[in-house]
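What follows is the residue order along each chain.
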Amino acid sequence: MKKFRAFTCSALLLSALLAVTPSVVQARGIVSRRAFDSYRLPNTTVPTHYTLRLDTDIHREIFDYTGNVQIRINVLEATDQIVLHSSRSEITHVQLRNGVGLSVPVKNFEFDEDKEFLVVNVGTTLQPNTGTYTLEIDFTNSIARNDQAGFYRSSYDDENGVRRYLGLTQFESVDARTSFPCYDEPGIKTTYDILIVCGIDYHARSNAPLRGIQLLEGGKKLSTFATTPRMQTYLVAWLVSDFKYEREVLTDPQLAIASWSKPSSVHLLSYSVDASKRFMRAMEEYFDQLYSMSKIDNVAIKDEDYAAGAMENWGLVTYKESAISYGPEDGEQRQVGVVTIVGHEFTHQFFGNLLAPKWWSYLWLNEGFARLYQYYLGAISHPELQLRERFVTGPFQTALRADNSLTVRPMTYYTETRPSISRLFDSIAYDKSACVLRMMNYALGERTFQKGLRYYLQQNKERGVVEESNLFDSLEQAAKEDAVLPISLSIHEIFGSWSHQPGVPLVKVRRDGNEYLFTQERYIANTPPEEPFENSWWIPISFSTPSNNAFEKLPAFWMPPNVSEVAYTIETVQDEVVSFNPHSTGYYRVEYEESMLRELIERINKDHTGFEPATRARLIDDTLNIAQSRGGNYDVVLQLLNYLQRETDYVPWAVAYENLRHMQSMLRTNDAVSQLLERFIEKIASPLLERYGVDHRTGESASVGELRTIAIDLACSGSQSCNDDAQSAVRSLASKKHYTMEDNALLCHGLQQSNAEQRKALQAQFSQVLSDKNLDNPSAKQFLLQSLSCLGGDMTKVQSFAKYLLALSESDRTKALHRLLVELNVPLAEIVQSLQSELSQRRSNSVYYKHGPKLIFEIARYVTDPSDVQLLSSVASSYDSWVASEIEQQVNANLNWVEQNVEPLKNALTRYFDA
């Protein structure tokens, strides 16, 4: 039975005087005026302005705070209830005033705890069009919470070893309501005046610039901030700390850009300030839109205390400390990380902040643009980092992996509850959406797409709330003006076919002379269902030949949905081959008929430089994935991969590396086939290792460093000189102060050869260094955490598997699990048991517990033995049923892969080495 907590206003005063906590009563004990059958607010009233005052004592290590919020509201429908959100706050006083300041009687208020509603029952009926009302609420709350959400505490140890506390906010998606009463929905935008009381030696920062400081009694001060732009609750933010900053003030127009951190790490912030400056100005120029405030702050939070990774709060962006720290010894790879994370959050200042999604269904309008332009605008602000090519090896590959299952959702997807909203923050919202937007960028032409986005911003910024049709309208206007679409097509029809359907298309192509015939179907990584899919898309088909690259990025034609076959003529000269989707501009896979595929592979083995690196990468990825989905044609796959012995470019190797690691994970319990595969991998990767060696060189690009790391990972075990260098890396670990990406790969290989005494000494080193409170270089600490898994089972003498894996970022966790389960053969059961033990000690609202399903899903990708299924399912049983369902699907896919692929792959490898 649903429960409400109900309070009368007179009872509030009495309970405060008697220090009595009101009891929880059944909803039927109060005469409720509305049955709330939805998790959406009824919106009979809407806010037009908030004045929020908070009084904190964090400087005294007191973590309770008091607050007062005054919400000006308009009445849209006649009602005797005001319904908003509140959770965790203890309400101490509620009052309502009309437009001239006179009190309006309030009978009582209730809490619908399931929907997190605060229902204020008014003693009269409020009528629309009768002026503005002010709802004023006094409340208390606490930052002593363990979910790293809402307004919560973090800490650091200063140079004297003294623990210093701070308070920060993380409200997206639905945690503003856990810190102050508010209308906590993404499509409700209004302005805020924020006032914060803190210790005199601390300072407060918020979204808007500081307007003034007033000294108070008791060693405290009141910071008052300028009125914010109209924004949604999840962007409201503040910081109470004694952090220091690096700052640069730009002119024309004036903009103060600052990065904040604990005092001992300020020297690592200069690069983030410069990256912010360059990206912001590039973004303003590209979209012809100025940033709307006179300041923007970046805040570096201790990694362990910031599970969100980064958050685009308007004017006060927060990050994990390691994400924006950059020291003089760090290489270009760290620059790539800083620029892309800053670029992602800064892009949100327009896409997500200036234009907010009407509901979470349109989250992709935030995250898709941010993911795309962190690379594409980053390539403009920082051309030296070559970020556009990294989109193909990053988000594009991630999207294809995420979008290949039977149960994946479409981009636009409606849901209401807290847990289901949280699950929307996935690769579909981020990576697939970015790929589809990028596809439209190339299909329309970048100038037309850019014009459409400028229209989108200008036409919608005043209202500030959008849904997908607003984007489609603006792109349609630009496309018609530039005449880049066939007159019979509309953006609504084209784009809607991608945003409303799940999955990724597979385009099959066969040749009949100079005529090429195309069909489409939905691609599934494993056996498709018996009933065929009905999904069908408008697909921009691009192609390239040695003599014709006019359509290598632009569409030669649009393949319509729901047709059996499409024919297109391509004139070629003798011996030319045609490659489709050569730059991965289209979000689809290509399956060539076998004669065409063999011809492409023959050419790529003869002279791979005749194809662009992105074309080679696309051919590798599509060929391997299609083969694995059907368990066949591995002779052709190995013939294609054989050319990698001559490959020196990062993009094809990065794509091949990801695919090879997946095959390794599926074969981890099959020693015989694993050894054959390792022998093949070592053969094709050894020339890469010979070319690049193992030593990092100052000033070389991040791509070269990553190529070297791939070579070490794949081929070091077969090279005596590399093994010697790996042993040297182990011996020098204690004396190193700065680390490169190659050091991690070498260290892991060296540890696999170390004896028991060396490993014991290294365990002590890891324990000492990771507990060193004076280790102020986040990059160094991150390196050591990444390397801890190189100890395999011995790492548990330093930290349990579960604590370690739960504390890592998603990308680092993926690498660590592969290392533990595939390279070091740690029993999967040991990791699952560690996770089960850890989660049993955590409250259901803790950050570790909430992130448990993500780790369970990651582990499930390695399950190929039915004996492991039951143990993993028992861990999942403490969560909602959807977790177990997702695990079952993943495990079935793995078992199907093994059944389909092991024998064909073994036979092909045997033939390869017998030839």
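Residues numbered from 1 in each chain as written. Predicted model: local features only at pLDDT ≥ 70, side-chain atom pairs only at ≥ 80, totals over all residues. Heavy atoms only, no water.

As annotated in an unreviewed UniProt entry, the chain carries the name Aminopeptidase and comes from Anopheles gambiae. UniProt lists a comment for the chain under the heading Sequence similarities (unreviewed entry), and it reads "Belongs to the peptidase M1 family." (UniProt positions renumbered as here; feature names shortened; annotations may be inferred.)

## Details of the overall build of the chain
Check the secondary structure of the chain and you find 29 helices and 32 strands. Against the globule reference of 29 Å for 915 residues, the chain gives a C-alpha radius of gyration of 29 Å, in line with a compact fold. Its C-alpha atoms give the chain principal-axis dimensions of about 90 × 75 × 60 Å. Long-range contacts, defined as pairs at least 24 residues apart, comprise 72% of the intrachain contacts of the chain with a sequence gap of at least 6. Between the mean site of the 90 positive side-chain charges and the mean site of the 114 negative ones, the chain shows a separation of 4 Å. (Helix = DSSP H or I, 4+ residues; strand = E, 2+ residues; numbered from the N terminus. Rg over C-alpha atoms; globule rule 2.2 N^0.38 Å. Contact = heavy atoms within 4.5 Å. Lys, Arg positive; Asp, Glu negative; His and termini not counted. Charge placed at Lys NZ, Arg CZ, Asp CG, Glu CD.)

## Things to note about the packing of aromatic side chains
Evaluation of the coordinates by the stated rule reveals 45 aromatic pairs. For the ring pair Phe36 and Phe117, a centre distance of 5.3 Å and an interplane angle of 85° mean the geometry is edge-to-face. Taken as a pair, Phe36 in the loop between strand S2 (25-26) and strand S3 (45-57) and Phe117 in strand S9 (residues 117-126) lie far apart in primary sequence, 81 residues in all. Neither residue differs from the other here; Phe36 and Phe117 are each classed as buried. Put simply, the rings of Tyr516, Phe518, Phe543, Phe551, Phe557, Tyr568, Phe580 and Tyr592 touch in pairs and so form one group of aromatic residues. Sitting over the ring of Phe63, Arg153 keeps its end group 4.5 Å from the ring centre. Directly above the aromatic system of Phe533 lies the positively charged group of Arg522, at a separation of 4.5 Å from the ring centroid. (Phe/Tyr/Trp six-rings, centres within 6.5 Å; stacked < 30°, edge-to-face > 60°. Buried < 20%, exposed > 50% of the residue type's maximum accessible area, 1.4 Å probe, protein only. Lys NZ or Arg CZ within 6 Å of the ring centre and 35° of its normal.)

## What about the environment of Arg371?
Note that Arg371 resides in helix H5 (residues 364-376). For Arg371, a relative accessible area of 19% gives the class buried. Separated by 61 residues in sequence, Arg371 and Lys432 place their C-alpha atoms 9.6 Å apart. Dropping the residues within four chain positions of it, Arg371 is found in contact with His344, Phe391, Pro395, Tyr430, Asp431 and Ala434.

## With respect to the confidence of the model for the chain
The predicted coordinates should not be examined in detail at positions where pLDDT is low. The pLDDT averaged across the chain works out to 92; a share of 95% of its residues lies at or above 70. The low-confidence segment residues 10-32, where pLDDT is below 50, has 27 contacts with residues more than four positions distant or belonging to other chains. (pLDDT = per-residue confidence, 0-100.)

## Describing the domain arrangement of the chain
Along its sequence, the chain is organised into domain 1 (42-242), domain 2 (246-354), domain 3 (357-500), domain 4 (504-632) and domain 5 (827-914). A C-alpha centroid distance of 33 Å is found between domain 1 and domain 3. With both chains or domains summed, domain 1 and domain 3 bury close to 1,000 Å², and 53% of this area falls on carbon and sulfur atoms. It is Ser173, Val174 and Pro186 that lose the most area in domain 1 upon contact with domain 3, and together they represent 41% of the buried surface on that side. On the surface where domain 1 and domain 3 come into contact, there are two salt bridges. (Domains from an automatic or database assignment. Buried area = accessible area lost by both parts, 1.4 Å probe. Salt bridge = Lys/Arg side-chain N within 4 Å of Asp/Glu carboxyl O.)

## With respect to the environment of Gly513
Along the chain, Gly513 turns up in the loop between strand S25 (504-512) and strand S26 (515-523). Owing to a relative accessible area of 44%, Gly513 belongs among the partly exposed residues under this scheme. It is 9.7 Å that separates the C-alpha atoms of Gly513 and Thr572, two residues lying 59 residues apart in sequence.

## Structural notes on the packing of helix H25 (residues 828-840) against helix H27 (residues 852-860)
Geometrically, a packed helix pair is captured by the angle between its two axes and the distance between the axes. Taken N-terminus to C-terminus, the directions of H25 and H27 make an angle of 170°; their axes are 11 Å apart at the nearest point. It follows from the interaxial angle that H25 and H27 lie roughly antiparallel. In this structure, H25 uses Leu828, Ile831, Val832, Leu835 and Leu839 to contact H27, whose residues at the interface are Gly852, Leu855, Ile856 and Ile859. In terms of residue class, the contact of H25 with H27 is made up of eight nonpolar, one polar and no charged. (Axes fitted to C-alpha atoms, helices over the stretch in contact; angles between N-to-C directions. Parallel < 35°, antiparallel > 145°, perpendicular 65-115°, else oblique. Nonpolar A, V, L, I, M, F, W, Y, C, P; charged D, E, K, R; others polar.)

## Here we look at the state of the cysteines
A full pass over the atoms with the stated rule returns two disulfides. Each disulfide pairs two cysteine sulfurs, and for Cys716 the partner residue is Cys722, the sulfurs being separated by 2.0 Å. Residues Cys716 and Cys722 share a disulfide whose torsion about the S-S bond is about -110°; that sign makes it left-handed. A single burial state applies to Cys716 and to Cys722, both of which are buried. (Disulfide = S-S within 2.5 Å.)

## Focus: the sheet that holds strand S15 (residues 210-216)
Through backbone hydrogen bonds, the strands of a sheet pair up, either in parallel or in antiparallel fashion. The strand order S7-S6-S10-S4-S3-S13-S16-S15 describes an open sheet built from eight strands, whose pairing is mixed. Both outer strands of the open sheet, strand S7 (103-104) and S15, are each paired with one neighbouring strand and no more. Pairing of strand S4 (residues 62-75) with strand S10 (residues 133-142), which is carried by ten bridges, proceeds in the antiparallel orientation. Considered in S10, the bridge of Asp64 is made with Ser142. (Pairing = 2+ DSSP bridges.)

## Some details on the sheet that holds strand S18 (residues 244-250)
Within the open sheet, the five strands sit side by side as S18-S19-S20-S22-S21. Their pairing is mixed. Each edge of the sheet is formed by a strand with only one pairing partner; in this case those strands are S18 and strand S21 (310-311). Here S21 pairs with strand S22 (residues 316-320) via two bridges, running antiparallel. From the neighbouring strand, Met311 faces S22, where its bridge partner is Thr318. Contacts from helix H2 (residues 270-287) reach S18, strand S19 (255-261) and strand S20 (295-301), with the element oriented near 145° to S19.

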